[in-house]
Amino acid sequence: MPEGLRPARLGSRFTVGSRLLQSRHAKRFEEFLFRYREVTLLAAGLCLGAYFQLMTGKLLSNADLLNLSQIMAPIAMLACPTVLLIASGEIDLSIGQTFALAPFLVHFGQQAGIPLLLADVLAIAAVSVVGAINGVVTVYLGVPSFVTTLGTFFGVNGLTLIISSGEPVGAPGTGLYATIFGQNWSLIIWAVAALALFHFILKHMRWGLYCVAIGGNYEASREAGIKVDRIKIGNFIILAAVSGFAGILDAVTVNITDPLAGGSAIMFSAISAVVIGGTALAGGFGTVVGAFIGAGVLALLQDGLTLQGINANAFDLILGIAILSVMIMNVTLSRHLLGRRRA
Amino acid sequence: MNSAHPDSPLLLEAEGIVKQFGSIVALNGLSMKLRSGEVLGLLGDNGVGKSTLLKILTGYLQPDTGTIRLDGEVVRLRDVQHARSLGIDIIYQDLALVDQLSIVENIFLNREATTSGPIRVLRRRAMRRAAEDLIERVGVKLPSLEQPVGTLSGGQRAAVAIARVVQTNDRVLLLDEPLAAVGVREAQTVIDVVRNLHAEGVSVIVILHNYGHVIDLCERFYIVRDGQIAEEGSVAGHTSESLIATVLATRL
C-alpha cells in the first residue's frame, strides 16, 4: 500500500476537529467529501473567483471569462488524459513539446499541398509516434518514464526548433475551420469534450479501471491477466495524440504557430492540475473531474493575478505558494478523512 | 473426503517441465499428474519450484521446455485468460488484490461484466449484485462491497480472493499457500470453501506448509525438491509427524 493511503496515525492531530464532527450528519458529510474530493477543490476555486471579482470587478465580464477559458482549456485538455497515465503509475514530461510540434507539422504539411484536415490527422499521428516511443522505451526497456520523457522532452523541442528555424509562422485555417477548431469559445468546448471522454473511460470502461489497478498493484494486475504493457503504452500514445491536437487548436486560438508555445510551462500546469485535482502521483487513484477543476483553479490564479496587475516578476512566487497551499490543504484533508475511515 | 478413485481419469498433467530464470534453474524436468476430483498437496522447502510450477499451470509463466496436457490433450497455456477459459484458476499467497479498488472491482478484476458492442461499458450494478451472491456463497460478512479492499482485515481479504475464483465454473483450482497470511479462524473458512468446491467436483492443487492442513485437505501429495518431484504418496495413513519425517527424509 502506498504511503498516501496509510494515514491512520495522523488521526490524533485532529482530535479537536473530530470531536466537533461527531454527529451522524457530519460523518455523512465527511463521507461525501471523501467520495467527491473534487468538491473541496471546486469550493476553493469559487472562493478564489469571488475574491478576484471583488478585488477587480472585471473577472465576470464576457471578455475576461473568454480569456480565462482560453488559458484553462489547453491545460485541461492535457490534464484529462494525463490522469489515466499518472493513475497507472507513469508520468510524461514531453506533452508540452508534442503540443508545440504538432501545429508546425500541420503548417509544413499544408505547404506540401496536403489538405488541412488531412494534415491535422497526419500531424496527430506523427506526435503519437512520440507517445509510442515513450511507452515502448519505458515498458520494454525498463527506463523510468520520468527519464524516458525527459529525453523526448528535449528531443522533440529540438526537432520543433530545427524545422521552424526557431521562427513562428501563421496559424492554419480560417473561417469555419477556425470557428470549430480553436476560435473564441470552441477551445473550452473541446476541453469539456475531453473531460467527458476521459471521465467516461476512467469510471465506466475497463481501460480506466485497469489504469487504476496497475498503478495500485502492478504485480496483482499482471497476475489477474491484465495486459499491463498494452495499457501503459496505450496511455502514452493517447496522451501524445491529445496533446498534439490541443496544440493545433491552441495555435488557431492565438492565431500564431510559435515554436516556444507549450513547453515546460503548460506541461507543469497540466501535471499540477492533475495532482491538485486529487490524482495520486504514485498511481492507484485518479479523477478526471478533479484535474479539470484543477486546471480551472490554475487558470483562475494566472488570470486573476494579471487582472490585479501583479508584477510579472512576482507572479511565479505567488503561483508557487498558491499551488503548495492548495496541495497541503488537499493532502491534509484526505488524510484526515481516510484516517477516520480506517480508525 | 477421499472421493477421487485412484483410477479416476487424469485431468491435468505436466511432463518434463523446465524453467530457468537467468542462471537459476527453478524447475528441472518436473513431471506430475492431477486426477479428476482429487486434492493434491505440493510439499517441500521454500524455493524448490512449487510456486513456479503453479504459475506455469495457470499460464502466467511459459515453461522453457516440457508439455502440459489437459484431458489427455497437449495444451499451450498462452496466458492467464486462456488458462481460465479452460477452467484453471489460482489464488496467490498475496491474494493478488488491489488495495485501492473496491471489493466488487477486485472480485471482477479482468473478468468484468460489460455491455456488448463496440464501446463496452462496465455493468457496475450487475457486478455488484453478483458480488453479493458470491460473498454470501463464501460465507463471510462484509460491511459494504463498495469500500476499498485496503480497509479489510486478513480474513475478509481472503474471502474476496476466494469469491473471485468461485464465480467461474472452474475445473482446476490452484492455491499457492492460501493460509499463510490469515488467522486460525479465517484459515478454517478457507479450508471449508476448498472442501465445498471439491465436493462440487473441482480438482485442487495446493501448496501448504502446515502439515496438519495437508492431512485435513489433501488426498495425495508430491514432495518437490530441486525443481523435481522427489517423492509422491497418499495422505491416507499419514499423521503430520510422519509426513514431516517423509519430507525431511527427501533432503538426505
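Higher on the page you've got the structure.
An account of the accompanying structure is given in this report. Predicted model, so just to flag it, every value in this text is computed and none were measured.

Considerations on the sheet that holds strand β2 (residues 24–35) of chain B
All names here are of chain B. Judged by pairing direction, the sheet is antiparallel, and its 4 strands sit side by side in the order β2-β1-β4-β5 without closing on themselves. The open sheet has two free edges, formed respectively by β2 and β5 (73–75), since each of these has just one partner strand. Strand-to-strand twist of the sheet, defined as the mean angle between neighbouring strand axes without regard to direction, takes the value 25 degrees. One ladder, built from 5 bridges, connects strand β1 (residues 10–21) with strand β4 (residues 65–70); its direction is antiparallel. Among the inter-strand pairings, Leu 12 is bridged to a residue of β4, identified as Leu 70.

Here we look at the sheet that holds strand β7 (residues 172–176) of chain B
Residues and elements named next belong to chain B. Reading across from one edge, β6-β7-β8-β3-β9-β10 is the order of the 6 strands in this open sheet, with mixed pairing throughout. A strand with exactly one partner marks an edge of an open sheet, and here the two such strands are β6 (88–91) and β10 (228–234). Direction aside, the axes of adjacent strands within the sheet are offset by 20 degrees on average. In this sheet, β10 lies alongside strand β9 (residues 220–225) in antiparallel orientation, the contact comprising 6 bridges. Across the sheet, residue Ile 223 finds its bridge partner in β10, namely Glu 231. Against the sheet, helix α8 (residues 240–250) engages β3 (39–43), β9 and β10, with an angle of about 30 degrees to β9.

A closer look at the side chain of Thr 82 of chain A
Counting through the fold element by element, Thr 82 of chain A comes out in helix α4 (residues 62–87). Not counting chain neighbours up to four residues away, the residues in contact with Thr 82 of chain A comprise Ile 95, Leu 239, Ile 271 and Val 274 of chain A.

Some thoughts on the packing of aromatic side chains
All names here are of chain A. Going through the model one piece at a time under the given rule, you end up with 8 aromatic pairs over all chains. Judged by centre distance (5.0 Å) and plane angle (85 degrees), the ring pair of Phe 153 and Phe 154 falls under edge-to-face. An aromatic cluster is built from Tyr 177, Phe 181, Trp 190 and Phe 245, whose rings are joined through pairwise contacts.

Let's talk about the environment of Ala 44 of chain A
Locating Ala 44 of chain A in the fold gives a position in helix α3 (residues 38–56). In sequence terms Ala 44 of chain A and Val 326 of chain A are 282 residues apart; their C-alpha atoms lie 8.3 Å from each other.

What about the interface of chain B and chain A?
Taken together, the contact pairs 29 residues of chain B with 27 residues of chain A. A combined buried area of about 2300 Å² lies between chain B and chain A, and 55% of that area is made up of carbon and sulfur atoms. Contact with chain A buries area across many residues of chain B, yet Tyr 60, Gln 100 and Leu 122 of chain B alone supply 24% of it, more than any other trio. For Arg 206 of chain A, the salt bridge identified is with Glu 112 of chain B, shortest N-O distance 3.3 Å. Across the contact surface, chain B and chain A share 13 residue pairs in polar contact (both at pLDDT 80 or more). The element best represented in the side of chain B that touches chain A is helix α2 (residues 80–85) of chain B, accounting for 3 residues.

Rules used in this analysis
Residues numbered from 1 in each chain as written. Chains lettered and ligands numbered in written order. Predicted model: local features only at pLDDT ≥ 70, side-chain atom pairs only at ≥ 80, totals over all residues. Heavy atoms only, no water. Pairing = 2+ DSSP bridges. Helix = DSSP H or I, 4+ residues; strand = E, 2+ residues; numbered from the N terminus. Axes fitted to C-alpha atoms, helices over the stretch in contact; angles between N-to-C directions. Contact = heavy atoms within 4.5 Å. Phe/Tyr/Trp six-rings, centres within 6.5 Å; stacked < 30°, edge-to-face > 60°. Buried area = accessible area lost by both parts, 1.4 Å probe. Salt bridge = Lys/Arg side-chain N within 4 Å of Asp/Glu carboxyl O. Polar contact = N/O pair within 3.5 Å; in protein donor to acceptor, adjacent residues only side chain to side chain.

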